[in-house]
Every structure is written in structure tokens, then in C-alpha cells.
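Understanding the architecture of this molecule
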Amino acid sequence: MTRKATPPAGSWEVSVADGVGAIDEATWDRLANPDPKRRNPTLRHAFFRALEGSGSISPEAGWLPQHLLAREADGPVRAILPLYLKAHSFGEYVFDQGWAEAYERHGLDYYPKLLSAVPVTPVPGRRFLTGDDGGASLETLATAIRQIVGRQRLSSAHVTFLEEGEADVLSRLGWLLRTGQQFHWPNAGYGDFEAFLGTLASRKRKALRRERREALSPGLSIEWLSGRDITEAHWDAFFAFYTDTGSRKWGAPYLNRTFFSLLGEAMSEDALLVMCRRDGRYVAGALNLIGGDALYGRYWGCIEAHPFLHFEVCYYQAIDFAIHHKLARVEAGAGGDHKLVRGYVPAPTYSAHWIADPRFRHAIDDYLVRERRYVAEESEALGALGPYRRGERS
């Protein structure tokens, strides 16, 4: 269901959809991925539908969909902003719990807040789905968010893992800019994995070869599965891996079993399961999503511990796949400077934050100025510690 929201300005009209199912799929996908060569599968209508349709992302889980749609007069939808009213900060990977604690110490409510993001998915990409024409529709939606914050007396609104250009626009509109860091592997047009190894310093090259050799030495084998090759039995096995890892890292995994079935039904061609067998049974696996120019590493898990197997299944197999399919990069997800010595290099991430209370806005702005400086210095230092020979890093 959609309902009207207060028009921000001029001839633009903004409405609110209470779920992705209330939005036309073809319209969403056209605005989310106008360039097939840069297609980001996490922005697809089907991905959000799997999240919301499975109940993994729902009001009961603390995510109330409030997706914004912008159009001129009575014309077609020109822009969409995925948006949720959040009752917590879990599943975001841009950590603001310290801000919430500061509000609480002053007797104020930080939650609920507004969040524009791909839920539980720290993949950078467009957040303002505006097709080929960002401009006025982006500013219209940014203004609408601020109006909702004021009208509902919310503490704040946040847009996470957005593109740098979007962050620049929001910064000019008075939003606070926050930077972070991930590790991505750049494909310099390698013919095979050995060609990539040839760009590494000798000691690092030997270490990677040893890791790959030892990872599969106990009778383990790897297979790639995509499209119709992925069955419900594969999802069953993978969910057992995911649940084991999620329970240890977060206490409870964010995604339920139904999510993976819905993903497989609608997006099997975008999915790559890297599965590991021993003695005829699956013991580990990683789920990746295949984009127009990148492979996006998502989830990993195992039910047996083997030295270096995590690095093989998550990082080296992803590199092999990207080389084989001529993808420009592998984005390996949040955190983990252990990726650095395995050829993944620092890549900046961006988020933007609207803080309603001017006192807190000033304090957070001061903090973010210092944090951005620290992130930039750390990124430069880490970049110098990579495994590449001098002058080889892409």
C-alpha cells in the first residue's frame, strides 16, 4: 500500500510505500540499475522482496518499511528511496550505538530513527534510485526525509553505503558525512590466478600458494554453483553454515531459511555458491552475488574447521571467479584487514546523517571531522602494507 506524503517543493509529489511489494518491480529495477554494465544485484527489487517477503526484515524484527517514491504532478515514478523506520541499530555495519547512548544519557530517545540502506548488506551502491537523472529528484527525496524527521519528531535519518556523488550532494544540503573502509580486490586484467600472484612480493606469493595448498589438503574439494544448479538441498546445507557463523558472531543470524529459497527462486543467476565437500558431504560454503562488473562476497560458514579454508572459499575462489568472468573487482564485505595480505586493497565507503537536534548535530559533526581524518590516515598506511611489489598495485 502507498500513501501520500507532504510534497517537499514545487511540482514534486512524494508518497510512502509500506513494503517493496507495493512498488512496481520493472519501475524499481529500471531506476536502480540503469546501466547493465554496473548492475548491482543487491539493489534489485527481487533482493528486497526476499528480505521483506521472508520476514527477515519486518516490523517485528525492528525494520518498518517506509520506502519513498517521487514523481512530478501525476506522472510516473521518477525516483525511489529504500527507507526503514528502525527500532535499533543492528544489521547496519555503520555503528552509531555511541550516539544512541549519548541521547539516553541526556534523557532523550534516539530510536526510532530513519535508515536508507540495503538491510543487513554492507554493499556500497546507489541509495537514491533515480535512473539516469539524479538531480532534482535526489534533492526532493532528501528534503522529504528531513520533513518526516521533523513531523514525526525523530532523532535522525541515516543513509549508509551510498555512492560518493550522492554523499557529496547530501553534504551540500547540510547532512553530516561519515567515511569508512572496506577491502576490495582489483582485477588488472589478469589471465589467471598465477598472473595475479606474479604481481606480489616473493614472500607474500609463497605464503598465498602455501595457504591454498594446505586449505584443500585434507581431502577437500571445491565447486561453483549458480543458476539452476543450485537446489534446495544446497540452500539447506548453506543455511546450516550461515546459522553456525551468525550465531557465533551476532547471537542470532539476521536471515531466515525462507530468505535463501526466495533468493534462489528469483535471483539464482545472480548467485554464486562456493561449496566445499569432504567425504561426500558439504562442510563449508560462501554465497556471492554476481554484478555487472563486480562479485560481491556476502555470507560464509562452516561446520568443520580447517586451516586457511575460510581464505580459500571466500577470497581466493572469488578472485578465481572474477578473473575467469572478467569482472573488474571483488568486494569482500565489511571489515577484516586480514584481507590486505591476500591482495584486497582499502576502498572508501560513505554514509550521510541528518541529526535533528542542533546540539547533538554540532557534537557529532566535530567527532566525524576527526574520524574522517583517522580513516584517511589508516587507509593510506594500510595501502602501503599490501602484498604487491612496488608499482604493481592497481
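The notes below deal with the structure included here. Keep in mind the model is a prediction, meaning the values are calculated, not measured.

**A short note on the packing of helix α2 (residues 45-53) against helix α9 (residues 257-267)**
Running from N to C, α2 and α9 cross one another at 155 degrees; their axes reach a closest spacing of 8 Å. When the interaxial angle is binned, α2 and α9 end up roughly antiparallel. Crossing of α2 against α9: the hand is right-handed. Within the contact between the two elements, α2 uses Ala46, Phe47, Arg49, Ala50, Leu51 and Gly53 and α9 uses Phe259, Leu262, Leu263, Ala266 and Met267. Partitioning the contact of α2 with α9 into residue classes produces nine nonpolar, one polar and one charged.

**Considering the nonpolar core**
Side chains that are nonpolar tend, in soluble globular proteins, to be buried together. If you look at the biggest cluster of nonpolar residues, it comprises 46 residues, and the most contacted ones within it are Phe260 and Leu287. Of all the secondary structure elements, the ones that give two or more residues to this core are α1 (25-32), α2, β5 (77-81), α8 (232-250), α9, β11 (271-278), β12 (281-290) and β13 (294-302). The element contributing the most residues to this core is α8, with six residues. In this structure, Leu287 is in contact with Trp235, Phe238, Phe260, Leu263, Ala271, Leu272, Leu273, Tyr296, Gly297, Arg298 and Tyr299, ignoring residues within four places of it in sequence. Counting 38 residues, the second largest nonpolar core, distinct from the first, contains Tyr190, Val274, Val283 and Leu327.

**With respect to the packing of aromatic side chains**
Two measures describe an aromatic ring pair: the distance that separates the ring centres and the angle between the ring planes. Counted according to the given criterion, the structure contains 25 aromatic pairs. Their ring planes at 20 degrees and their centres at 6.1 Å tell us that Phe311 and Tyr315 sit as a pair that is stacked. Remark: Tyr315 and Phe311 occur in helix α10 (residues 309-324); sequence separation between them is four residues, near one turn of the helix. The residues Phe311 and Tyr315 share a single accessibility class, namely buried. Site record: aromatic cluster; members linked through ring pairs are Phe47, Trp235, Phe238, Phe239, Tyr242, Phe259, Phe260 and Tyr299. In this structure, Lys86 is placed above the aromatic ring of Trp63, and the distance from its NZ or CZ to the ring centre is 3.9 Å. The lysine or arginine in question, Arg146, covers the ring of Trp354, its NZ or CZ lying 3.9 Å from the ring centre.

**Some thoughts on helix α7 (residues 202-215)**
Helix length check: α7, at 14 residues, gives a terminal C-alpha distance of 20 Å against a target of 20 Å (1.5 Å per residue), a fit within 8%. Turning to α7, the residues buried within the fold contact α6 (193-197), β10 (220-225) and α10.

**Some remarks on unusual backbone geometry**
A cis amide bond, omega 0 degrees, links Tyr111 with the succeeding residue Pro112. The residue Pro112 is located in the loop between α3 (97-105) and β7 (113-116) in this model. In this structure, Ala73 is a non-glycine residue whose phi angle is positive, near 50 degrees. Secondary-structure assignment places Ala73 in the loop between β4 (67-72) and β5. Taking relative accessible area as the criterion, Ala73 reaches 47% and is therefore assigned partly exposed.

**Re α1**
Looking only at α1, the buried set comprises Thr27, Trp28, Leu31 and Ala32. Looking straight down α1, one finds its buried side chains confined to an arc of 120 degrees; they lie on one side. Looking at the packing, one finds that the buried side of α1 touches α2 and β5. Between the side-chain oxygen at the start of α1 and the backbone nitrogen of Ala26 there is a gap of 3.4 Å, and the oxygen is on Asp24.

Reading guide: rules and limits
- Residues numbered from 1 in each chain as written.
- Predicted model: local features only at pLDDT ≥ 70, side-chain atom pairs only at ≥ 80, totals over all residues.
- Heavy atoms only, no water.
- Axes fitted to C-alpha atoms, helices over the stretch in contact; angles between N-to-C directions.
- Helix = DSSP H or I, 4+ residues; strand = E, 2+ residues; numbered from the N terminus.
- Parallel < 35°, antiparallel > 145°, perpendicular 65-115°, else oblique.
- Left-handed = near helix turned anticlockwise from the far one by under 90°.
- Contact = heavy atoms within 4.5 Å.
- Nonpolar A, V, L, I, M, F, W, Y, C, P; charged D, E, K, R; others polar.
- Core = buried A, V, L, I, M, F, W, Y, C linked by side-chain atoms within 4.5 Å.
- Buried < 20%, exposed > 50% of the residue type's maximum accessible area, 1.4 Å probe, protein only.
- Phe/Tyr/Trp six-rings, centres within 6.5 Å; stacked < 30°, edge-to-face > 60°.
- Lys NZ or Arg CZ within 6 Å of the ring centre and 35° of its normal.
- Expected span 1.5 Å × (residues − 1).
- Arc of directions from axis to C-beta.
- Polar contact = N/O pair within 3.5 Å; in protein donor to acceptor, adjacent residues only side chain to side chain.

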